[in-house]
Amino acid sequence: MRSLTLLTDLYQLTMMQGYFENGTDNKEVVFDMFYRKNPSNGGYAICAGLEQLVEYVLNLKFSTQDIEYLDSLNIFSQEFLHELQDFKFTGDIDAIEEGTIVFPNEPLVRVTSTIMQAQLIETALLNIINHQSLIATKASRIVMAAKDDTVLEFGLRRAQGPDAGIYGTRATIIGGCNGTSNMLAGKMFDIPVSGTHAHSWVMSFNTELEAFQAYANTFPNKLILLVDTYDTLASGVPNAIKVFNEIKPAGVYGIRLDSGDLAYLSKRARIMLDNAGHQNAIISASSDLDENIITDLKRQGAKIDLWGVGTRLITSKDCPAFGGVYKICAYKEGDKYIPKIKLSDNPIKVTNPGVKKVVRVYDKESSKVKVDIIALLEEEFDIKQDLVVRDHNARWKKMKLKANEYTLRELLVPVMRKGKCIYDFPSVKQIRDYAKREMETLWEEHVRLLNPEILPVDLSDDLYYLKEKMLNEFKEVRGAKTCLED
């Protein structure tokens, strides 16, 4: 296994040396990883990448070559480099499970460790969780647009490198895709692989019909013929029908459209196939698809049963970055955690202080999510009591949930304790099934592709007043300073 220990930014290591030389390297801190805005202007995101994060943390070790490289930069002291030789993550990680529906500002990962350890893992943590959460969310939107149709991921050749292709494929399955063309991902994650043939296959024969016949003889039980190499309706579909009549396929069979007006071509091809007695033949389509195009094709009555989605899925073309961040929220002093807050002239960048948890509130009758509450870790909620939740950006907006009409669930679960993994990771297919159940807990208003209703994420009263108190304290300091300057 290749070492990813140096998969970090330089400033993580310079800060680590600063902590070491200032004697604060063993200070215990808490960091939150969260994001601020849903991808693609959507109403939700899907959390993914946790298993790869834990693999990375468990294998953290500075090799001799790593130390030699750092030494060659003439930045780091020999004492610090010697300290890195024995580096190991010994902290705790709590996280929201992969496949869970999540919303802005909720801690997806909580890291409790020494400041040195927490600082080192920041960059890789963000790289892993941001990427897979982004692609899983994009896949979910595409699968939702396709409704009950099969969706296959075909994006490996357009991914930004091998890792993005491999782990992007993993994320697309979590998001709901049924399979992939990516053979290595199929092997690594035990997920279904699927594919047909390329235009080059057809062009390598003297005629299109010969190409179809040869392919059918090789794969008679799974026969999908690409019909748009020359002329879809005048040549491709008629030749496919000739082959179907000759072979009389017993398994899955049909055609693939990869160019042209997919709505028109699919409707005409459906008529041709049905008239020839091939009502069971499927029509699959590719060609730069995404959730918006699929939605529009369905609106036009396209007769497509299977969608092969590539570039716009594996790159999340309309929203290429998830935007997750990693911020310190508390440090330990004696037996207590002291809350920390980051201020900004941009209100969205002001962080929530303290060690926190995420509590999901469900309507008991429908099992739909009513609201999420970000609360301080020590807070308790009693379902036998009425629950009042507010919009923390507009406190006069509130909702009252009567006792015994709602249920609660804490989302963050223990994953690592004292540097050891204590969590049993499910398979990718199990995560996909779980994510599907998660989607069923959202109201239709929250999952629509265009202008979704945003599910409320409330701050508990205790967290809200802690944040207000800290903001006011800083405001007083800044106000006094401004007065003196004036």
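To keep things clear, this report deals only with the structure shown in the data block.

Over its 13 residues, helix 1 (residues 10-22) extends 19 Å from the first C-alpha to the last, a length consistent with the 18 Å expected when each residue adds 1.5 Å. Those residues of helix 1 not exposed but buried are Q12, L13, M16, Q17 and Y19. Buried residues of helix 1, viewed axially, fall in a sector of 160 degrees; they line one side. Exposed and oriented more than 90 degrees from the buried face of helix 1 are E21 and N22. Buried-residue contacts for helix 1 involve helix 3 (64-72), helix 4 (78-84), helix 5 (115-120) and helix 6 (122-146). In the segment just after helix 1, G23 is the residue with positive phi, at about 75 degrees.

Let us look at unusual backbone geometry. Even without a glycine there, the phi angle at S287 is positive, about 95 degrees. Of note, S287 is situated in the loop between strand 10 (282-285) and helix 13 (291-299). For S287, a relative accessible area of 32% translates into the label partly exposed. Notably, S316 is not glycine yet its phi reads approximately 45 degrees, a positive angle. The topology assignment puts S316 in the loop between helix 14 (311-314) and strand 12 (325-333). You can call S316 buried: its relative accessible area is 1%.

Thresholds applied
Residues numbered from 1 in each chain as written. Predicted model: local features only at pLDDT ≥ 70, side-chain atom pairs only at ≥ 80, totals over all residues. Heavy atoms only, no water. Helix = DSSP H or I, 4+ residues; strand = E, 2+ residues; numbered from the N terminus. Expected span 1.5 Å × (residues − 1). Buried < 20%, exposed > 50% of the residue type's maximum accessible area, 1.4 Å probe, protein only. Arc of directions from axis to C-beta. Contact = heavy atoms within 4.5 Å.

The analysis is restricted to geometry; functional conclusions fall outside its scope.
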